[in-house]
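Chain residues, written in single-letter form:
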There are 2 protein chains.
Amino acid sequence: MYAENKLFKNLPEQYLKRIPFYHQILSELALKNEAYVSSRYLAGFFNVDETQIRKDISLTGYKGKPKYGYSVQGLKEAIEAYLGINYHNTAVLFGAGKLGTALIEYEGLADYGLEIIAVFDNNPVKIGSPVGHFNILSPSALPRVIRSFDIGIAILTVPKTAAQEVCDQVTAMGIKAIWNFAPLQLSVGMDVILRNENLAAGAALLSYYLKKSNHRQEGP
Amino acid sequence: MYAENKLFKNLPEQYLKRIPFYHQILSELALKNEAYVSSRYLAGFFNVDETQIRKDISLTGYKGKPKYGYSVQGLKEAIEAYLGINYHNTAVLFGAGKLGTALIEYEGLADYGLEIIAVFDNNPVKIGSPVGHFNILSPSALPRVIRSFDIGIAILTVPKTAAQEVCDQVTAMGIKAIWNFAPLQLSVGMDVILRNENLAAGAALLSYYLKKSNHRQEGP
DNA sequence: AAAAAATCGTGATTTTTTTCTCAATAAGCG
DNA sequence: CGCTTATTGAGAAAAAAATCACGATTTTTT
Ligand SMILES: NC(=O)c1ccc[n+]([C@@H]2O[C@H](COP(=O)([O-])OP(=O)(O)OC[C@H]3O[C@@H](n4cnc5c(N)ncnc54)[C@H](O)[C@@H]3O)[C@@H](O)[C@H]2O)c1
Ligand SMILES: NC(=O)c1ccc[n+]([C@@H]2O[C@H](COP(=O)([O-])OP(=O)(O)OC[C@H]3O[C@@H](n4cnc5c(N)ncnc54)[C@H](O)[C@@H]3O)[C@@H](O)[C@H]2O)c1
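Owing to the predicted nature of the structure, the values given are computational and were not obtained by experimental measurement.

A. Here's a closer look at the environment of Gln169(B). The residue Gln169(B) is located in helix α8 (residues 160–172) in this model. Judged by its relative accessible area of 34%, Gln169(B) is partly exposed.

B. View of the interface of chain B and chain A. Every contact between the two is made by 71 residues of chain B and, on the other side, 71 residues of chain A. At the boundary of chain B with chain A, total buried surface from both sides reaches about 7100 Å², with 68% on carbon and sulfur atoms. Note that Lys98(A) is salt-bridged to Glu107(B), the shortest N-O span being 3.9 Å. On the surface where chain B and chain A come into contact, there are 18 residue pairs in polar contact (both at pLDDT 80 or more). Those elements that provide at least two residues to the side of chain B that touches chain A are α1 (13–31), α4 (72–83), α5 (98–104), β8 (177–180), β9 (193–196) and α9 (199–218) of chain B. Ranked by residues supplied to the side of chain B that touches chain A, first place goes to α9(B) with 16 residues.

C. Expanded view of the environment of Thr101(A). Residue and element names in this part refer to chain A. Within the secondary structure layout, Thr 101 lies in helix α5 (residues 98–104). Overall, Thr 101 belongs to the partly exposed group, its relative accessible area being 22%. For the pair Thr 101 and Gly 132, spaced 31 residues apart in the sequence, the C-alpha separation amounts to 7.6 Å. Non-local contacts of Thr 101, meaning those with residues more than four positions away in its chain, are made with Ala 96 and Val 131.

D. Representation of the packing of helix α3 (residues 50–60) of chain B against α4(B) in the model. All names here are of chain B. Two elements in contact, α3 and α4, have axes whose closest approach is 9 Å; the angle formed by their N-to-C orientations is 60°. With respect to α4, the element α3 is oriented oblique. For the pair α3 and α4, contact is made by Ile 57, Leu 59 and Thr 60 and by Leu 75, Ala 78, Ile 79 and Tyr 82, respectively. Along the lines of polarity and charge, the residues of the contact of α3 with α4 split into six nonpolar, one polar and no charged.

E. Focus on the protein's contact with DNA strand C. Close contacts around DNA strand C come from 27 residues, with Ser39(A), Gly64(A), Lys67(A), Tyr15(B) and Asp49(B) the closest. For DNA strand C, the backbone portion of the atoms within 4 Å of the protein, that is sugar and phosphate, comes to 62%. In the model, a phosphate oxygen of DNA strand C is placed 2.7 Å from a nitrogen or oxygen of the Gly64(A) main chain. Of all the secondary structure elements, the ones that give two or more residues to the surface near DNA strand C are α3 (50–60) of chain A together with α1 and α3 of chain B. Ranked by residue count, the leading element in the surface near DNA strand C is α1(B), at four residues. Its residues assigned to classes, the surface near DNA strand C comprises eight nonpolar, eight polar and eleven charged.

Here is what the cut-offs are and how they apply
Residues numbered from 1 in each chain as written. Chains lettered and ligands numbered in written order. Predicted model: local features only at pLDDT ≥ 70, side-chain atom pairs only at ≥ 80, totals over all residues. Heavy atoms only, no water. Helix = DSSP H or I, 4+ residues; strand = E, 2+ residues; numbered from the N terminus. Buried < 20%, exposed > 50% of the residue type's maximum accessible area, 1.4 Å probe, protein only. Contact = heavy atoms within 4.5 Å. Buried area = accessible area lost by both parts, 1.4 Å probe. Salt bridge = Lys/Arg side-chain N within 4 Å of Asp/Glu carboxyl O. Polar contact = N/O pair within 3.5 Å; in protein donor to acceptor, adjacent residues only side chain to side chain. Axes fitted to C-alpha atoms, helices over the stretch in contact; angles between N-to-C directions. Parallel < 35°, antiparallel > 145°, perpendicular 65-115°, else oblique. Nonpolar A, V, L, I, M, F, W, Y, C, P; charged D, E, K, R; others polar. Near = heavy atom within 4 Å.

See below:
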């Protein structure tokens, strides 16, 4: 969740975080053959004012049309260009367990230009066996894979006890972005882009809001 | 990601979001038998100043000890109490597919007080078959389950085409919190707590930062 | 052709979040 | 015990984000 930005100060972090969500909404609208969308409609999905949506969009440089709003297709493409979606990023995945397997077989990643090139696991029983359309490799094969492909991202779905070690290995080999699913805060160098997908944090916040709303019903 | 807060204005949203991460770090430190932790150490994991950490922690009401920092165990428990972790929240899961199965078999949820009570899928082939220690139920059994258990949360791991429909069904039956893994923005009533776990958004932001850092290397 | 309506774009303002500064406190030590 | 040090806690200041207010633009209506 954090640390992506250590490298890139002075861009409006919060604005940026909303942009991928606009892209999703636009994709839905495109399927329904909607031609235009207003900032007010988009604002309905978020807890912000519609002006804020316009400011966010202005980051991409895309211009709306007074009275009509934004062209769904045009804005969608502008966001794709701005975020670099479709630029074809390559990744390796570590940890062919339950979650790793789900991700490997998930087609949704390709929609965001992310292609998994190879899958690693250190369990000797798993090495060599198939998962999706991959054969699981031993981590010792990583240097070879990195030499053959220009790998941008390492996806970590290993147990949390192994995550820091694997993270150190892949960054030592020059990988510059980590997508971490293990429930811990990794330490990385300043030049590494780190994104934590932290389900436990999500569960904890849900729990907090639930507790609060129950409490409210009891109170005066 | 958004919309949790529509109900709860005027608490420092950003502070709150960091708190579950502190809990994770504290759990690690507790395993290593560390007795104290400083705000500076915690700040090292985030892109914020150490005073901000102290302000975040002050939300929970827990007090540190000058010269030593915060008691790892004490702060951990204070966060648990504050967030309502361990309060035992009950959930139903819809969509026993790849991701749903991974979640069902994931022990990590229990650490945050989340217990899955029942699993639903509308695929006739799957209904009745086992997943983890559950038998998959038909969605038509939902009213019965809700009558027998006090279900707080619905976890949605159905395809995005089905997500809004399932969301409407469960909220109509009185479920007040949705944990959505489908890559779309759901529309919910003002009284429903919604949390989106949006991997696609994560992939998109990674892609953006990668594009930016490559660009930088080329530039002057 | 002018008026009305919808919506964008943006500068000004307000609110929220973060950082800065520093006094207060507890611990260790000569 | 008094001095030094590390660290908290809290108010002031700064920065960032969100909202407000309104002029500009395009379409629709009369
Ligand atoms: N299952 C879920 O739904 C879920 C959800 C959120 C987060 N997570 C997190 O994702 C991670 C994986 O979870 P899982 O349920 O898939 O666990 P799992 O045990 O099914 O899979 C982990 C895999 O990693 C492999 N592994 C262990 N050490 C390794 C190493 N050094 N190098 C390469 N591979 C290694 C194991 O052999 C195993 O195949 C955990 O950190 C977990 O906390 C899981
Ligand atoms: N697989 C992943 O790693 C992953 C990652 C992120 C997000 N997601 C999202 O999670 C969702 C599930 O992904 P998946 O890969 O597990 O897909 P999947 O196709 O393996 O599983 C979906 C399941 O939902 C069931 N289903 C469909 N309609 C239903 C309904 N109306 N009621 C109950 N059950 C219904 C299907 O029978 C199927 O078993 C998708 O929205 C996907 O975009 C998946």
